[in-house]
Amino acid sequence: MGKMRNNDNKLYVLDTNVLLHEPFAFLSFQEHQVVIPMTVLEELDHIKDRKKDVSRDARIAIRALDDVLRDASPEEMLAGVDLSTVAKNCTGKLTIVNDHMFEDAVSGLPGDENDHRIINTALHLQQLKVEVKVVLVTKDINMRLKAKGAGLEFVEDYRTDQLIDDISLLTSGYKKLDGDFWQHVKECDSEQSGRDTYHTVPRNLLNEVFINEYLLDETGHFAARVVDYDEEHIKLLDLGFERIMGRSAWGIQPKNVYQAMAINALLDPHLDLVILTGPAGCGKTLLALACALELVIERGMYDKVIVTRNTPEIAESIGFLPGTEEEKMMPWLAAITDSLEVLHKNDENPVSSRNYIMEKANIQFKSINFMRGRSIQNAIVILDESQNLTASQLKTIITRCGEGTKLICLGYPVINHSIKLLPPCFIGSQGVVTRIYTFSTYSILKKMIKNYQLSPANDSSYLKLVS
């Protein structure tokens, strides 16, 4: 009688693309054993010398593996090196397997293709270690299909870095409460701080709340924002429906309460990071630019506006662009100049007004390629088309924002112009949300995190927030 498999005891075989996707992925499998075939190391070696971003990830993965295996003997590498020495929450072992020693007869995938060798490794281990659940982990969909067809029982995508599979499941940035909010309130302590009114109400009024989450009710008169909460109480900033709808920025009035909430967040200097998402034409860029001009010129709270974006090309390359950095970025940032023209379309000379405002507000067009190493102080940074960014690019921009800087990210997670270049699970606004969620463990960013979703200006508009 054969041995019974223990599904609690797992062995993960990693494909090369997993380590390129996340160089420290081998530390994400907790108490389970991780196997890396020799073919994976060979692929990393070939990739590390290319002049592409992926080469950097390959080099990081190689160094990370070297840190674990540097002092291990060949026998220890075959038996498994303890990972707890480099990660406290990881108690598994890392093994390097010479897959060139395995015969092709193990599987139905003969040949020298690297994918086939890795699949053969998993199949060989599945036959050799019957009592263990052997799992092949790869980002390659076709490879997962081939592995299943070859007889491998367990094949998985690497999803450790994904918070959600569907961006539509992101927590809503506001709550619509049934009926009249104040009819449900039995106890309330109110206090005045300058022009603002704060209400402290019992925690059991709301099942789940987040800092900076907006609250609305069905009466169309109540609007508030959560500023603090504990196990017993929730502290609300009273915004008032009429007052929040009456706010404007650089002459722009909100068309609905959802745009009004976005303007409220954009104009709040205490919110250092605001993310607006929504389809083309919903007013993301216009609202962001109007609020930036209001804060820089009218209120004098910031010194300049820096506008940047990723630059994927939809069609064929238009070739070399002459001029300075700002002149090269002008075609990519035409949405900003278009919005400036809309804001001043009623002026006697809209073009002259646009040029004057660009100089007055010190609007600078910068390339993401030159952001590394900078320290941006007391500025508003508008990051347009952020759905095309990788997580490392986004992290680079966030860490460039210094004291007194407000970062506004604009994008739409459904449309991604980099889809052909990057794995879709790790790019675009989902990548933005994922990485910002990771940042939320740090107190400096805990209360900054905002993700608003705006649809075109009509009654079906809505807003979403991630905190």
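See the structure above.
Quick caveat: nothing in here was measured; it's all calculated off a predicted structure. (Residues numbered from 1 in each chain as written. Predicted model: local features only at pLDDT ≥ 70, side-chain atom pairs only at ≥ 80, totals over all residues. Heavy atoms only, no water.)

A.B. asks: Run through the packing of helix α2 (residues 38–47) against helix α3 (residues 53–69), naming residues and quoting values.
C.D. replies: How two helices pack is summed up by the angle between their axes together with the distance between the axes. Taken N-terminus to C-terminus, the directions of α2 and α3 make an angle of 135 degrees; their axes are 8 Å apart at the nearest point. By the angle between their directions, the pair α2 and α3 is classed as oblique. Taken as a pair, α2 and α3 cross one another with a handedness that is left-handed. Contacts from Leu41, Leu44, Asp45 and Ile47 in α2 reach Val54, Ser55, Ala58, Ala61, Ile62 and Leu65 in α3. Here the contact of α2 with α3 is built from residues that sort into eight nonpolar, one polar and one charged. (Axes fitted to C-alpha atoms, helices over the stretch in contact; angles between N-to-C directions. Helix = DSSP H or I, 4+ residues; strand = E, 2+ residues; numbered from the N terminus. Parallel < 35°, antiparallel > 145°, perpendicular 65-115°, else oblique. Left-handed = near helix turned anticlockwise from the far one by under 90°. Contact = heavy atoms within 4.5 Å. Nonpolar A, V, L, I, M, F, W, Y, C, P; charged D, E, K, R; others polar.)

A.B. asks: So what's going on with the pattern of salt bridges? Residues and values would help.
C.D. replies: As enumerated under the stated definition, the model contains 10 salt bridges in all. With a shortest N-O distance of 3.0 Å, Lys139 and Asp157 are connected by a salt bridge. Of the two residues, Lys139 is situated in the loop between β5 (132–137) and α6 (141–150) and Asp157 in the loop between β6 (154–156) and β7 (174–177); the sequence distance between them amounts to 18 residues. The same class applies to Lys139 as to Asp157, namely buried. A salt bridge links Arg144 to Asp157; its shortest N-O distance comes to 3.7 Å. Of this pair, Arg144 sits in helix α6 while Asp157 sits in the loop between β6 and β7, and the two are 13 residues apart along the sequence. With respect to burial, Arg144 and Asp157 carry one shared label: buried. The network of salt bridges with common partners includes Asp45, Lys48 and Asp49. (Salt bridge = Lys/Arg side-chain N within 4 Å of Asp/Glu carboxyl O. Buried < 20%, exposed > 50% of the residue type's maximum accessible area, 1.4 Å probe, protein only.)

A.B. asks: Go over the pairing of strand β16 (residues 379–384), please, and point to the residues and values.
C.D. replies: Successive residues of a regular strand alternate their side chains across the two faces of the sheet. Among the six residues in β16, six count as buried, and that is most of the element. Side chains Ala379, Val381 and Leu383 of β16 all project onto a buried face; the interleaved residues Ile380, Ile382 and Asp384 project onto the opposite face, where all are buried too. Pairing geometry for strand β14 (residues 304–309) and β16, over six bridges, is parallel. Bridging from a neighbouring strand, Arg309 pairs with Asp384 of β16. By the bridge criterion, four bridges tie β16 to strand β17 (residues 406–411) in an arrangement that is parallel. The residue bridging Leu383 from the neighbouring strand is Cys409, located in β17. Viewed along the sheet, the connection from β16 through helix α13 (residues 391–400) into β17 turns out right-handed. (Pairing = 2+ DSSP bridges. Right-handed = clockwise from strand over helix to strand, strands pointing away.)

A.B. asks: Quick rundown of the packing of helix α8 (residues 257–267) against helix α9 (residues 284–298)? Include the residues and the values.
C.D. replies: Running from amino to carboxyl end, α8 crosses α9 at an angle of 40 degrees, the nearest separation of the two axes being 10 Å. Crossing geometry of α8 relative to α9 is assigned as right-handed. Contacts from Gln259, Ala262, Ile263, Leu266 and Leu267 in α8 reach Leu287, Ala288, Cys291, Glu294 and Leu295 in α9. Among the residues forming the contact of α8 with α9, the class breakdown is eight nonpolar, one polar and one charged.

A.B. asks: Tell me about the packing of aromatic side chains, and please be specific about residues and values.
C.D. replies: Summed over the entire model, instances satisfying the criterion amount to six aromatic pairs. Both rings, one in Tyr12 and one in Phe29, keep their centres 4.5 Å apart while their planes meet at 35 degrees; by these two values the pair is tilted. Highlighted residues: Tyr12 in strand β1 (residues 6–14) and Phe29 in the loop between α1 (16–21) and β2 (33–37), separated in sequence by 17 residues. You can call Phe29 buried: its relative accessible area is 8%. Where Phe181 meets Phe222, the ring centres are 4.3 Å apart and the plane angle is 15 degrees; that geometry is what we call stacked. With Phe181 in the loop between β7 and β8 (189–193) and Phe222 in the loop between β10 (214–217) and β11 (223–229), this residue pair connects regions lying 41 residues apart in the sequence. Just as Phe181 is buried, Phe222 falls in that class too. In textbook terms, an aromatic cluster arises when at least three aromatic residues are bridged by ring pairs, as seen for Tyr12, Phe29 and Tyr158. Over the ring of Phe154 we find Lys133, and its NZ or CZ is 4.5 Å from the ring centre. (Phe/Tyr/Trp six-rings, centres within 6.5 Å; stacked < 30°, edge-to-face > 60°. Lys NZ or Arg CZ within 6 Å of the ring centre and 35° of its normal.)

A.B. asks: Pulling in residues and values, what's your account of a negative patch on the surface?
C.D. replies: Residues Asp228, Asp230, Glu231 and Glu232 make up a contiguous surface patch of negative charge. In this structure, Glu232 sits in the loop between β11 and β12 (233–238). (Patch = residues over 30% accessible without salt bridge, like charges linked within 9 Å, V, L, I, M, F, W, Y side chains within 5 Å. Areas by Shrake-Rupley, 256 points an atom, 1.4 Å probe, with all protein chains shown as cover. Lys, Arg positive; Asp, Glu negative; His and termini not counted. Charge placed at Lys NZ, Arg CZ, Asp CG, Glu CD.)

A.B. asks: Now, about unusual backbone geometry: what can you tell me, with residues and values included?
C.D. replies: Even without being a glycine, Gln30 presents a positive backbone phi close to 50 degrees. Summarising the element assignment, Gln30 is placed in the loop between α1 and β2. You can call Gln30 partly exposed: its relative accessible area is 49%. Of note in the backbone geometry, Trp250 takes a positive phi value of approximately 55 degrees without being a glycine.

A.B. asks: Before we move on, can you summarise the environment of Thr405 with the specific residues and values?
C.D. replies: Within the fold, Thr405 resides in the loop between α13 and β17. Setting aside residues no more than four positions away along its own chain, Thr405 makes contact with Asp272, Ile376, Gln377, Asn378, Ala379 and Val381. At a separation of 3.2 Å, a polar atom in the side chain of Thr405 contacts the main-chain amide nitrogen of Asn378. (Polar contact = N/O pair within 3.5 Å; in protein donor to acceptor, adjacent residues only side chain to side chain.)

Nothing here speaks to function; it is geometry throughout.
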